Amino acid sequence: RHLRGAGPAGRPTGTPRQSMGGPGARGGASVIPPPTDALGGLQAAADAILKHFGVAPGGSPDAGALDAALGDDSVNKNVAVLVRGQLCTALSRVMLHGFKSFKLIGRYHIWDFVTSAADAVHERRNADSEEYTPAELSLTKAVVDVNDNEGMAKNPNIKFRSFICQGLNDRMLHEWVAVLTSDEPTMFKFYETWAYVRASEGAPEMVMNTIEPLKNLPFKLSLDYEVTKWDL
């Protein structure tokens, strides 16, 4: 079964729909929702994972009371489908709104943005001599681990999905959103001014809030699942 992964996407046709501008918008820009309610799709994907673990949407899961096998893709194929097939696709749709896919030669991929954001973290910490936050350490290590996997070398879609899996394993995926969107030069390089995650100051927080309930779930997802185990 072919999974729709994260891929380059340009500006949607027509003028982006705008709503409720105001003090919360960056640079006076209006809040620009993702096309076709992508944020709603992300919420649905997160709710489906919670349901998989037996947690009602909006509930507060107790990790100690949950069946750990439900989050282990070595014994439960359903969690692999829910995460790699649904959550990763939904999150990529949100992150690709207003993404600058074209460059002078070739195209940018969302994985290029992730690696550039990780590089920006290193540059910032080297410059200010301050310690990395737990989320920064987790994210930058995940980028190295994914890039070091030879089986994913030529497939940035698998790299992005595996990166998301590691964020769930580390219970920091929601915090990674803040790290990824924190460096303004990186955001300027990869996103249009009208992009959802750039045009509204509250957008990254909305994405974070949508996936934050997943931090309490016991995930044990393999980085190389699609390379070694995927047989759908």
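Since this is a predicted model, take the numbers as computed values, not measurements.

Cut-offs applied
- Residues numbered from 1 in each chain as written.
- Predicted model: local features only at pLDDT ≥ 70, side-chain atom pairs only at ≥ 80, totals over all residues.
- Heavy atoms only, no water.
- Axes fitted to C-alpha atoms, helices over the stretch in contact; angles between N-to-C directions.
- Helix = DSSP H or I, 4+ residues; strand = E, 2+ residues; numbered from the N terminus.
- Parallel < 35°, antiparallel > 145°, perpendicular 65-115°, else oblique.
- Left-handed = near helix turned anticlockwise from the far one by under 90°.
- Contact = heavy atoms within 4.5 Å.
- Nonpolar A, V, L, I, M, F, W, Y, C, P; charged D, E, K, R; others polar.
- Core = buried A, V, L, I, M, F, W, Y, C linked by side-chain atoms within 4.5 Å.
- Buried < 20%, exposed > 50% of the residue type's maximum accessible area, 1.4 Å probe, protein only.
- Disulfide = S-S within 2.5 Å.
- Expected span 1.5 Å × (residues − 1).
- Polar contact = N/O pair within 3.5 Å; in protein donor to acceptor, adjacent residues only side chain to side chain.
- Salt bridge = Lys/Arg side-chain N within 4 Å of Asp/Glu carboxyl O.

Digging into the packing of helix α4 (residues 134-147) against helix α5 (residues 156-169)
Running from N to C, α4 and α5 point in directions that differ by 140 degrees, and their axes come no closer than 10 Å. Taken as axis vectors, α4 and α5 run oblique relative to one another. Both α4 and α5 take part in a crossing whose hand is right-handed. Counted together, Leu139, Ala142, Val143, Val146 and Asn147 of α4 and Lys159, Ser162, Phe163 and Gln166 of α5 form the full contact between these two elements. Of the residues contributing to the contact of α4 with α5, the split by class is 5 nonpolar, 3 polar and 1 charged.

Let's talk about the nonpolar core
Formed by 63 residues in total, the largest nonpolar core has its most connected members in Leu87, Phe113, Phe163, Tyr191, Leu214 and Phe219. If you tally residues by element for this core, the top one is helix α2 (residues 77-95), at 9 residues. Apart from residues lying up to four places away in sequence, Phe163 is in contact with Trp111, Val114, Leu139, Ala142, Val143, Val146, Trp176 and Leu180.

Quick look at the state of the cysteines
The full count for this structure, using the stated rule, is 0 disulfides. Cys88 carries a free sulfur, and the closest cysteine sulfur to it, the one in Cys165, is 5.2 Å from it.

Focus on α5
Here α5 contains 14 residues, and its C-alpha end-to-end distance of 20 Å stays within 8% of the 20 Å for a straight helix at 1.5 Å per residue. Counting buried positions over the 14 residues of α5 gives 12, a clear majority of the element. Those residues of α5 not exposed but buried are Ile158, Lys159, Phe160, Arg161, Ser162, Phe163, Ile164, Cys165, Gln166, Gly167, Leu168 and Asn169. Next to the buried residues of α5 lie α2, α3 (110-128), α4, α6 (173-180) and α10 (225-228). If you check the start of α5, you find a side-chain oxygen 3.1 Å away from the backbone N of Asn157, and it comes from Asn155. Looking at the residues trailing α5, positive phi occurs at Arg171, about 60 degrees.

Some details on the pattern of salt bridges
Under the counting rule described, the total for this entry stands at 9 salt bridges. A salt bridge links Arg161 to Glu226; the nearest nitrogen and oxygen atoms lie 2.8 Å apart. Placement of the pair is Arg161 in helix α5 and Glu226 in helix α10, with a sequence separation of 65 residues. The pair Arg161 / Glu226 is uniform in exposure class, with both members buried. Each of Arg124, Arg125, Asp128, Glu130 and Glu136 takes part in a single network of salt bridges with overlapping partners.

Regarding the environment of Thr133
Examined against the element boundaries, Thr133 turns out to sit in the loop between α3 and α4. Remark: the alpha-carbon pair of Thr133 and Val121, spanning 12 residues in sequence, is separated by 10.0 Å.

Quick look at α4
Here α4 spans 20 Å end to end across 14 residues, near enough to the 20 Å set by a 1.5 Å rise per residue. The set of residues buried in α4 consists of Ala135, Glu136, Ser138, Leu139, Thr140, Ala142, Val143 and Val146. Looking at the buried side of α4, the elements it contacts are α3, α5 and α6.

Concerning the environment of Asn169
Relative to the helices and strands, Asn169 resides in helix α5. In contact with Asn169, not counting residues within four places along its chain, are Phe219, Lys220 and Leu221.

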